[in-house]
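Residue-level listing of the chains:
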Amino acid sequence: MSTTGIQPVEVLYTAVATAENGRDGRVASDDGKLDVVVNPPKELGGSGAGTNPEQLFAAGFSACFQGALGVVARQEKADISGSTVTARVGLGKTPEGGFGLTVALTASIPNVDRETARALVEKAHQVCPYSNATRGNIEVTVDVA
């Protein structure tokens, strides 16, 4: 497998999860901390009884982005206590006939002014591993509430 043009990463942690029956089954981590039923949402003709990959991606992206926001805030000496990050992950068809994702991240940072919040969010978007992984691959927007 070629890695030309890919930035090297010194791996510090590896998460492992295994799916059974794809989008209509179960996903579990190797350490047992995550074990969830997955089902397609009702909007896609499924039962909606379990979670789905898009919700799991939204959860991971929002948590990771919140962490990156914390790193940036410490560097900038900004108070982000009480802040939240919401990720909205959209699933849809691509013009080529496949499927693709979109992500909209919204940060609420109550203890700073809007301009500072925007600057912090933009800097976090440069630091966040999920942002770096998706950049140039899918549409990701960032905003403040």
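Going by the structure above, here's the rest.
Since we're looking at a predicted model, the values are computed, not measured. (Residues numbered from 1 in each chain as written. Predicted model: local features only at pLDDT ≥ 70, side-chain atom pairs only at ≥ 80, totals over all residues. Heavy atoms only, no water.)

1. With respect to the sheet that holds strand β6 (residues 139-144)
1) Next: Read across the sheet, three strands follow the order β4-β5-β6 without closing on themselves; strand pairing throughout is mixed. Only two strands of the sheet have a single neighbouring strand rather than two, namely β4 (84-93) and β6. The mean angle between the axes of side-by-side strands here comes to 15 degrees, regardless of whether they run parallel or antiparallel.
2) Next: Examined bridge by bridge, β4 and strand β5 (residues 99-108) share 10 bridges and lie antiparallel to one another. What sits directly across from R88, in β5, is A104.
3) Next: Across the sheet, helix α2 (residues 114-127) touches β5 and β6, and the angle it forms with β6 is around 150 degrees. (Pairing = 2+ DSSP bridges. Helix = DSSP H or I, 4+ residues; strand = E, 2+ residues; numbered from the N terminus. Axes fitted to C-alpha atoms, helices over the stretch in contact; angles between N-to-C directions. Contact = heavy atoms within 4.5 Å.)

2. Observations regarding the pattern of salt bridges
1) Next: Enumeration over the complete set of coordinates arrives at five salt bridges.
2) Next: A salt bridge links E54 to R23; the nearest nitrogen and oxygen atoms lie 2.7 Å apart. Of the two residues, E54 sits in helix α1 (residues 53-76) while R23 sits in the loop between β1 (17-20) and β2 (25-29), which places them 31 residues apart along the sequence.
3) Next: Note on E54: relative accessible area 11%, which makes it buried. (Salt bridge = Lys/Arg side-chain N within 4 Å of Asp/Glu carboxyl O. Buried < 20%, exposed > 50% of the residue type's maximum accessible area, 1.4 Å probe, protein only.)

3. Quick notes on the pairing of β2
1) Next: Counting buried positions along β2 gives four out of five residues, so the element sits mostly inside the fold.
2) Next: As consecutive antiparallel partners, β1 and β2 are separated by four residues, and within that stretch N21 has a phi angle of approximately 65 degrees, a positive value.
3) Next: The antiparallel pairing of β2 with strand β3 (residues 35-38) creates a hairpin that spans five residues between the two strands, and G32 there sits at a positive phi of about 80 degrees.

4. With respect to the environment of L101
1) Next: Relative to the helices and strands, L101 resides in strand β5.
2) Next: On the basis of relative accessibility, which here comes to 28%, the residue L101 falls in the partly exposed class.
3) Next: Along the chain, L101 and G50 lie 51 residues apart, while their C-alpha atoms are 20 Å from each other.
4) Next: When sequence neighbours within four positions are dropped, the list of residues in contact with L101 reads E54, F57, V89, G90, L91, I138 and E139.

5. Points about the nonpolar core
When a protein is soluble and globular, its nonpolar side chains tend to lie buried together.
1) Next: Of all hydrophobic cores here, the largest spans 25 residues; its most connected members are F61, F65, L69, L105, I109 and V121.
2) Next: Those elements giving two or more residues to this core turn out to be α1, β4, β5, α2 and β6.
3) Next: Take this core: its biggest share by element is eight residues, from α1. (Core = buried A, V, L, I, M, F, W, Y, C linked by side-chain atoms within 4.5 Å.)

6. Remarks on the sheet that holds β3
1) Next: Taken together, the three strands give an open sheet; going across it, the order is β1-β2-β3, and neighbouring strands pair in antiparallel fashion. Two strands lie at the open edges of the sheet, namely β1 and β3, each paired on one side alone. The average angle at which neighbouring strand axes cross in this sheet is 20 degrees, direction not considered.
2) Next: Bridge count for β2 against β3 is four bridges, and the pairing is antiparallel. When the bridges of β3 are listed, A28 appears paired with D35.

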